[in-house]
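# Observations on chain architecture
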Amino acid sequence: MNQSFFPPRRILMGPGPSDVSPRVLGALGRPTIGHLDPLFVALMDEVKGLLQYAFQTENALTLPISAPGSAGMEACFVNLVSPGDTVIVCRNGVFGGRMQENVERCGGTAIMVEDDWGQPVSIDKVAAAFKAHPEASLLAFVHAETSTGVRSDAEALCALARDHGALSIVDTVTSLGGIELKVDAWGADAVYSGTQKCLSCIPGLAPVTFSSRAVERIQARSHRVQSWFLDMQLVMGYWGGSSKRAYHHTAPINLLYALHESLLMLREEGLEAAHARHRLHHDALVAGLEALGLEMAVAAEHRLPQLNAVRIPEGIDDAALRSTLLADFNLEIGAGLGALAGKTWRIGLMGHACSAANVTLCLTALAATLAQQGLKLDTGAALEAADAVLAA
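The paragraphs below set out a description of the structure included in this document. All of these numbers come straight from a predicted model, not from anything done at the bench.

Attention now moves to the overall build of the protein. Looking only at helices and strands, the protein features 14 helices and 14 strands. For the protein, the C-alpha radius of gyration of 21 Å lies close to 21 Å, the compact-globule estimate for 392 residues. Over its C-alpha atoms, taken along the principal directions, the protein stretches across nearly 65 × 55 × 50 Å. Evaluated residue by residue, the protein yields a buried proportion of 56% over its 392 residues. For the protein, the share of sequence-separated contacts (at least 6 apart) that also reach a separation of at least 24 residues comes to 72%. Accessible area of the protein: about 16000 Å², with a carbon and sulfur share of 53%. Computed over 29 positive and 40 negative side-chain charges, the inter-centroid distance for the protein is 4 Å.

Take a look at the structure:
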């Protein structure tokens with residue numbers, strides 16, 4: 001007989017979703033009202049303003065797409081890429097490959113700039129691609145590559161696009177709320193993210209923001225966007241800010257309550273403080289991991305504090321270890337993807353999950369499960385190293 005589903009309480013330290021704040025879960029349970037109710041319309045305006053703060057932008061077209069982060073990605077591409085367009089796409093992990101697929105499905109030509117997984121996007125390679133393809137009108141890249149734990153220089157890449165008269169499409173799914181992101185100051189044109197990472201919210205919404213240059217390109221299209229649901233010219237009528245909203249779709253009302261609460265929490269903490277918290281707990285985790293004798297997979301200057309890629313020691317059964325962590329400690333960490341499958345773990349310290357308690361739990365649980373597979377480690381030294389960073 002089917003019964004109500006009551007999940008166990010997991011500690012989510014993988015690549016996402018991350019732990020959801022109790023405040024956000026509480027907001028989800030508030031009474032549902034109509035998606036055109038004047039009070040809900042007022043909430044939409046608040047969500048827009050809070051997203052502008054999170055993105056550090058004054059872009060008028062800033063809103064959460066009513067779908068996961070992948071829909072945010074698709075919204076940027078289907079609105080800005082037309083058949084025949086040339087787009088320079090940077091791939092240094094899984095999600096650059098998804099950008100390529102979006103370009104090609106829109107009828108564009110993707111000029112690929114390839115970098116090794118675990119390395120940031122090469123500015124010099126992108127500059128060379130623009131020189132070889134002066135017809136390119138868009139540059140697409142991932143700011144924080146979730147599959148590898150690498151940060152690329154978004155500010156320099158956006159500047160390079162502008163210098164060549166191109167617009168930039170930037171994946172900030174893992175960076176929003178976790179590391180510095182300045183949409184206006186950097187001149188980014190179409191930026192998308194997700195709610196389930198550093199915002200401490202649940203999955204299901206995709207914050208996006210479009211610059212005035214991007215809006216001009218959308219409005220100048222010679223034919224309709226291939227997706228009705230993601231056509232920004234239609235969505236603008238619902239999220240456009242006027243008192244009279246045009247019906248487009250029934251917004252996920254309670255999801256937007258949750259996003260509003262999570263964005264309030266981010267503003268209360270402050271962006272700089274949130275970034276510093278992610279950095280501090282990352283430094284503590286790395287100190288503990290290195291005291292255990294484990295190696296990080298990304299050079300220090302390119303690491304994401306919120307997504308830590310760790311090399312799996314020789315002879316360790318990756319799948320068995322992660323299963324043990326889940327069964328014995330209720331702790332989820334992520335496996336490597338693509339070229340890094342079986343070679344790395346991805347340990348998230350995102351949003352509500354970024355805490356001293358989780359750093360301690362992760363180090364203790366990893367040491368215990370590695371010991372079960374014959375790797376003798378000094379748990380005490382790991383915890384002392386982490387505590388020293390936190391205390392400092």
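On we go from here.
Right, let's get into the side chain of S227. With respect to the element layout, S227 can be found in the loop between helix 8 (212-219) and helix 9 (232-239). Within the structure, S227 has its side chain in polar contact with the backbone nitrogen of L230 (distance 3.1 Å).

Moving on to the layout of surface pockets. In this model, the largest pocket occupies a volume close to 280 Å³. Every residue along the wall of the largest pocket is listed here: P8, R9, R10, I11, L12, S18, D19, V20, L25, I202 and H352. Across the lining of the largest pocket, the residue classes tally to six nonpolar, two polar and three charged.

As a further point, take the nonpolar core. Core analysis: the biggest nonpolar cluster contains 89 residues, and I65 and F210 have the highest contact counts within it. Aside from chain neighbours lying at most four places away, what touches I65 is A71, G72, A75, G204, L205, A206, V208, L230 and M232. Residues L285, L289, C362 and L366 belong to the second largest nonpolar core, which totals 29 residues.

In this section: the pairing of strand 8 (residues 167-171). The buried fraction of strand 8 is high, at five of five residues. For strand 5 (residues 138-142) and strand 8, the ladder comprises five bridges, and the chain directions are parallel. For F141, the partnering residue across the bridge sits in strand 8 and is V170. Pairing analysis gives three bridges linking strand 8 to strand 9 (residues 190-192), with the strands arranged parallel. Counted as the bridge partner of I169 is A190 from strand 9.

Here we take up the sheet that holds strand 10 (residues 206-210). Spatial strand order, 2-10-9-8-5-3-4: seven strands in an open sheet with mixed pairing. At either margin of the open sheet sits one strand with a lone partner, and together these are strand 2 (61-65) and strand 4 (109-114). Going across the sheet, the axis of each strand differs from the next one's by a mean of 15°, ignoring polarity. Across six bridges, the pairing between strand 3 (residues 86-91) and strand 4 is parallel.

Below, the discussion takes up the packing of aromatic side chains. Across all of its chains, the model carries one aromatic pair by this definition. Taking the centre distance of 6.3 Å and the plane angle of 70° together, the rings of Y238 and W239 count as edge-to-face. Across the pair, W239 and Y238 agree in class, each one buried.

Attention now moves to the sheet that holds strand 14 (residues 344-348). If you trace the three strands from one edge of the open sheet to the other, you get 11-14-13, paired in antiparallel fashion. Single-partner strands in this sheet number two, and they are strand 11 (307-311) and strand 13 (334-335). Strand direction decides the pairing type here: strand 11 and strand 14, joined by five bridges, are antiparallel. Along strand 14, the bridge assignment pairs R311 with T344.

Before going further, it helps to spend a moment on the environment of L255. Along the chain, the position of L255 falls in helix 10 (residues 253-269). In this structure the C-alpha to C-alpha distance between L255 and G29, which are 226 residues apart in sequence, comes to 9.7 Å. Excluding its chain neighbours within four sequence positions, the residues that come into contact with L255 are L28, I202, P203, G204 and L205.

With 12 residues, helix 4 (residues 94-105) ought to run about 16 Å at 1.5 Å a step, and its terminal C-alpha atoms sit 17 Å apart, in line with that. The complete set of buried residues in helix 4 reads F95, G96, G97, M99, Q100, N102 and V103. G107, located one to two residues past helix 4, shows a positive phi value of around 85°.

Summed over all chains, the structure comprises 13 salt bridges. Two residues, E268 and R23, come together in a salt bridge whose shortest N-O distance is 2.9 Å. You can see E268 sitting in helix 10 and its partner R23 sitting in helix 1 (residues 22-28), a full 245 residues away along the chain. Given a relative accessible area of 54%, E268 falls into the exposed group. The partly exposed category is assigned to R23, whose relative accessible area is 35%. Residues joined by salt bridges that share partners form a network here, namely R23, R30, E261 and E268.

Parameters and conventions
Residues numbered from 1 in each chain as written. Predicted model: local features only at pLDDT ≥ 70, side-chain atom pairs only at ≥ 80, totals over all residues. Heavy atoms only, no water. Helix = DSSP H or I, 4+ residues; strand = E, 2+ residues; numbered from the N terminus. Rg over C-alpha atoms; globule rule 2.2 N^0.38 Å. Buried < 20%, exposed > 50% of the residue type's maximum accessible area, 1.4 Å probe, protein only. Contact = heavy atoms within 4.5 Å. Areas by Shrake-Rupley, 256 points an atom, 1.4 Å probe, with all protein chains shown as cover. Lys, Arg positive; Asp, Glu negative; His and termini not counted. Charge placed at Lys NZ, Arg CZ, Asp CG, Glu CD. Polar contact = N/O pair within 3.5 Å; in protein donor to acceptor, adjacent residues only side chain to side chain. 1 Å grid on protein atoms, 1.4 Å probe; cavity = no way out; pocket = protein on both sides within 12 Å on 5 of 7 lines; lining within 4 Å. Points joined across faces, edges and corners; volume = space filled by probe spheres on them. Nonpolar A, V, L, I, M, F, W, Y, C, P; charged D, E, K, R; others polar. Core = buried A, V, L, I, M, F, W, Y, C linked by side-chain atoms within 4.5 Å. Pairing = 2+ DSSP bridges. Axes fitted to C-alpha atoms, helices over the stretch in contact; angles between N-to-C directions. Phe/Tyr/Trp six-rings, centres within 6.5 Å; stacked < 30°, edge-to-face > 60°. Expected span 1.5 Å × (residues − 1). Salt bridge = Lys/Arg side-chain N within 4 Å of Asp/Glu carboxyl O.

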